[in-house]
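# An overview of the molecular structure
Chain by chain, the residues run as shown.
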Amino acid sequence: MAVVFGRKRRNDIWKNFNYIQLEKKTECVVQKDGEKCGHKIAGKNTTNLKRHLKAFHSEIEIPEVAPVKQTPHKKVDNPSVQDFFATTTRKYYSDKSREQRTKEDGIALWIGRTGLPARIVEDEDFVAMMSKMDAKFQVPKRHKILNLIDKMYKEEKEKIRHNLATARRITTGLDIWTKKGLTASFLGVSACYFNPVDNKAEHKLLNLKEIVHPHTAQSISTLLEESMEEWGISREKVLTTITDNGSNMVAAFHTNAEVATSTEEDSEAEPDDSNDDQEREDDEYDYGAIERTPCVVHTVQLVVNMVQKEPPIRRLLEKVRHLVNKFRKSSVATEQLLQKCALVLVKDCPTRWSSCFAMISRCLDVKEHLTAVAEHMGWDILQPSEWQKMGMLRDLLLPFAEHTKSLESDTQSLSLVVPALLDLKNHLSEFTLAHGRTYKDAATLAQKMLFSMDRRFSVFLDITVDNFSPLPAAACFVDPCVAETLLENDDNEELQNLVRKAEDYIAHLVPQRVQVREEQLTDDEQVADESTEAPEPTPAKRPRFKFFSANRSSRPKTAKTTNIRQEILKYKEWLSESHQTAATSAEVEESGIECWLTHCCSTVFPTLKPLALDLLAMPASQAFTERVFSVTGYLSCGRRNRARTILERSAFLKVNRPK
């Protein structure tokens, strides 16, 4: 763009003059014959200056029109509109730019997961903070953030719905949580499955439905059915549902069993083929109905809580608890303990898993420092014999705490149930024999805990009970890392019965029509081989690809004629052969799923491998739903106490984030 000076001060003329401010005159400074001209002109009119130069200094050429001043980066010609907007720097990002969209999505995801109010984007301090981080970013308004959160929520639900549709079998989990003040209660529904696309086990939150008081079995059953219909999950696809041992949860699935039974009775009244009767005799389990599996970790804690019921043990724990409460209420004692060992005492909580073990263990870890501080404060401390008894109690509860930590994982823990239960039973037996004389109270407690374990976990270990569930035994059987727990003890009849039940369960998981088709293929091929006569030799045409044709004709055909029973036998043979090599390394470095994906070929186990992956992905507890409620407790605290609409959405986005 040209800049015309016009009648304003021209540099080509004024370079020959100097303005004197006091006299308000302009002096000519042109050198002539070695001397300055010195002529003074009143004012500073550019026209008068130009006349003076023409009259007395004609050797100086002065253009009639002022010269055009050009910028170094632009042409003299007038630029086009496109060039002008291309070279002009923008003050803000455009609405469709990648930088603007990325930052908007980040803010929306942050607000959606934390449950913060959307109006925070209109806060002056927030806008000022974002402007300092990026001056070109335009902070969106509240309505746009809400629309982005809803869009993310719907997209994430569609992804999980697609994964549920591709999953072969699903395990659901249920739990109920009530807010502080009993203002509202929610039923959490989760789903665990093996994702065949990504080859990994996933556990996702499906719904967080509000449930009204009282929490009856009918209400739980109704909300569960609504959730299954919303996500398109059929009954046949659900292996089991894991819940706690509450009476309302147990009654909710008794209702489902009665409905399934009545449906079967109606179907039996209709005329069927004779083959159907044989199929009903073979089916020992109702796989179509949703069965309930008790949470293993909850049940283990019921066994551990027996330490509170033994009078001598309870008195010792009350004394320890009283000492811990003194420390936690005294800032002086707590500060002294921190200065000595940088640790504080842990208080047990009846509803927290392994909290009694944590309290005892921390007291024993800081025993010397605890005793010194208590003596300085003038408090009563434990006797040496009581400290010794606490050490025995820690040894008694340590295996329970370790197995609780491994069984409360979100996925891939059901196969560890049977080995963990057998390990705990052996631990209790050995503890009773070792401390029967030194600490009789602890030995008596161990005996009672062993009896409680036999009674509570008979559903997993005793095949003679009516409510026996073969799921944990089947998951243990198909886990190469722990399968030797069941297969190595040939002399143990109880374990061998579990193995047989596990094999039967796995065989029944295969659809009956697939087994019939496989058996018919095997019989037909055998008959065809026997009845086929060798044809007369005829001159054959030399194959074009001789070596490829020979290799193709000699390929074994056992893969398509192998049924599930034969695959189970091959799997057991493979376990026995690779016990010293593959199984040992898998136990140290790999999980059961990784072992199947790495070492087990799909052509050798075409039917067993998908079943094994589905069983190994299952959790042993519904701790996942418990952790969901830890998140919702934070999302509904303070001023968000009345949150209803955004609670499920925020928990869904926060819990189901990619890992």
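Details of the structure are given in the entry above.
Nothing here was measured: the structure is a model prediction, and the numbers come from that model. (Residues numbered from 1 in each chain as written. Predicted model: local features only at pLDDT ≥ 70, side-chain atom pairs only at ≥ 80, totals over all residues. Heavy atoms only, no water.)

## Description of the overall build of the protein chain
- Helices and strands together make up the secondary structure of the protein chain, namely 29 helices and 10 strands.
- Sequence separation of 24 or more characterises 69% of the internal contacts of the protein chain that already satisfy a separation of 6 or more.
- Total accessible area computed for the protein chain in this model is approximately 38200 Å², and 51% of it derives from carbon and sulfur atoms. (Helix = DSSP H or I, 4+ residues; strand = E, 2+ residues; numbered from the N terminus. Contact = heavy atoms within 4.5 Å. Areas by Shrake-Rupley, 256 points an atom, 1.4 Å probe, with all protein chains shown as cover.)

## Description of the packing of helix α11 (residues 311–329) against helix α12 (residues 331–341)
- Where α11 contacts α12, the axes come no closer than 5 Å and their chain directions differ by 95°. Between α11 and α12, the interaxial angle falls into the category roughly perpendicular. Contacts from F327, R328 and K329 of α11 reach α12 at S331, A333, T334 and L337.
- Tallied by class, the residues present in the contact of α11 with α12 amount to three nonpolar, two polar and two charged. (Axes fitted to C-alpha atoms, helices over the stretch in contact; angles between N-to-C directions. Parallel < 35°, antiparallel > 145°, perpendicular 65-115°, else oblique. Nonpolar A, V, L, I, M, F, W, Y, C, P; charged D, E, K, R; others polar.)

## What about the environment of L428?
- Along the chain, L428 falls in helix α16 (residues 417–434).
- The buried category is assigned to L428, whose relative accessible area is 0%.
- Considering only alpha carbons, one finds L428 and A446, 18 residues apart in sequence, at a separation of 5.5 Å. (Buried < 20%, exposed > 50% of the residue type's maximum accessible area, 1.4 Å probe, protein only.)

## Digging into helix α27 (residues 608–616)
- Within α27, eight of the nine residues are buried, which leaves the element mostly enclosed by the surrounding structure.
- For α27, the complete set of buried residues consists of L608, K609, L611, A612, L613, D614, L615 and L616.
- Where α27 is buried, its residues contact β7 (185–195), β9 (238–243), α19 (471–477), α21 (493–509), α24 (564–577) and α26 (592–599).

## Quick notes on α24
- An ideal rise of 1.5 Å per residue puts 20 Å on 14 residues; α24 measures up with 20 Å between its terminal C-alpha atoms.
- Taken as a whole, α24 has its buried residues at I564, E567, I568, Y571, W574 and L575. The buried residues of α24 all sit within an arc of 125° when viewed along its axis, so they share a single face. Exposed residues pointing more than 90 degrees away from the buried face of α24 are listed as L569, S576 and E577. (Expected span 1.5 Å × (residues − 1). Arc of directions from axis to C-beta.)

## Points about the pairing of strand β2 (residues 25–28)
- Direction of pairing for strand β1 (residues 17–20) relative to β2: antiparallel, over a ladder of four bridges. Counterpart to Y19 in the pairing with β2 is T26.
- As defined by bridge partners, β2 adjoins strand β5 (residues 40–42) across three bridges and the pair is classed as antiparallel. Bridged to E27 within β5 is K40. (Pairing = 2+ DSSP bridges.)

## Concerning the sheet that holds β7
- The five strands lie next to each other as β8-β7-β6-β9-β10, forming an open sheet whose pairing is mixed. Strands with a single pairing partner mark the edges of an open sheet, and in this sheet they are β8 (200–210) and β10 (292–294). Each strand axis lies, on average, 25° off the axis of its neighbour in the sheet, ignoring direction.
- Across the face of the sheet, helix α7 (residues 217–231) comes into contact with β6 (170–178), β7, β8 and β9 while running at roughly 125° to β8.

## Things to note about the side chain of D244
- Inspection of the secondary structure puts D244 in the loop between β9 and α8 (247–269).
- One buried charged side chain, D244, makes no salt bridge at all; its nearest oppositely charged neighbour is R292, positioned 5.8 Å away.
- Polar side-chain contacts of D244 include one of 3.3 Å to the backbone nitrogen of G246.
- In contact with D244, not counting residues within four places along its chain, are D175, M249, R292, C295, H298 and Q622. (Lys, Arg positive; Asp, Glu negative; His and termini not counted. Salt bridge = Lys/Arg side-chain N within 4 Å of Asp/Glu carboxyl O. Polar contact = N/O pair within 3.5 Å; in protein donor to acceptor, adjacent residues only side chain to side chain.)

## Notes on the side chain of K609
- Counting through the fold element by element, K609 comes out in helix α27.
- Look at K609: it is buried, it has no salt bridge, and the nearest opposite charge is E567 at 11 Å.
- Ignoring anything within four residues of it in the chain, the contact list for K609 reads W596, L597, C600 and S602.

## Description of the sheet that holds β2
- Spatially, β1-β2-β5 is the arrangement adopted by the three strands of the open sheet, whose pairing is antiparallel. Of all the strands in the sheet, the pair left with one neighbour each is β1 and β5. On average, each strand axis in the sheet is tilted by 30° relative to the strand beside it, whichever way the strands run.

## A look at unusual backbone geometry
- Here the residue pair H213 and P214 is connected by a cis peptide bond, since its omega of -5° sits within 30 degrees of zero.
- With a phi angle near 60°, K24 is a residue other than glycine that sits in the positive phi range.
- Within the secondary structure, K24 sits in the loop between β1 and β2.
- Look at S354: it is not a glycine, yet its phi comes out positive at around 60°.
- Relative to the elements of secondary structure, S354 occurs in the loop between α12 and α13 (355–365).

## Comments concerning the packing of aromatic side chains
- Evaluation of the coordinates by the stated rule reveals 12 aromatic pairs.
- Their ring planes at 80° and their centres at 5.3 Å tell us that F327 and W379 sit as a pair that is edge-to-face. With a gap of 52 residues between them, F327 in helix α11 and W379 in the loop between α14 (367–377) and α15 (384–407) connect regions that are remote in the sequence. Of the two residues, F327 and W379, neither departs from the other in class, the shared state being buried.
- Taken together, F477, Y571, W574, W596 and F605 form an aromatic cluster joined through their ring pairs.
- We note R161 situated over the ring of W231; from NZ or CZ to the ring centre the distance is 5.0 Å. (Phe/Tyr/Trp six-rings, centres within 6.5 Å; stacked < 30°, edge-to-face > 60°. Lys NZ or Arg CZ within 6 Å of the ring centre and 35° of its normal.)

## Some thoughts on the packing of helix α4 (residues 98–114) against helix α6 (residues 142–166)
- Between α4 and α6, the least distance of the axes is 9 Å, while the angle of their chain directions is 75°. When the interaxial angle is binned, α4 and α6 end up roughly perpendicular. Counted together, E104, D105, I107, A108, L109, I111 and G112 of α4 and K144, I145, L148, I149 and M152 of α6 form the full contact between these two elements.
- Residues of the contact of α4 with α6, tallied by class, amount to eight nonpolar, one polar and three charged.

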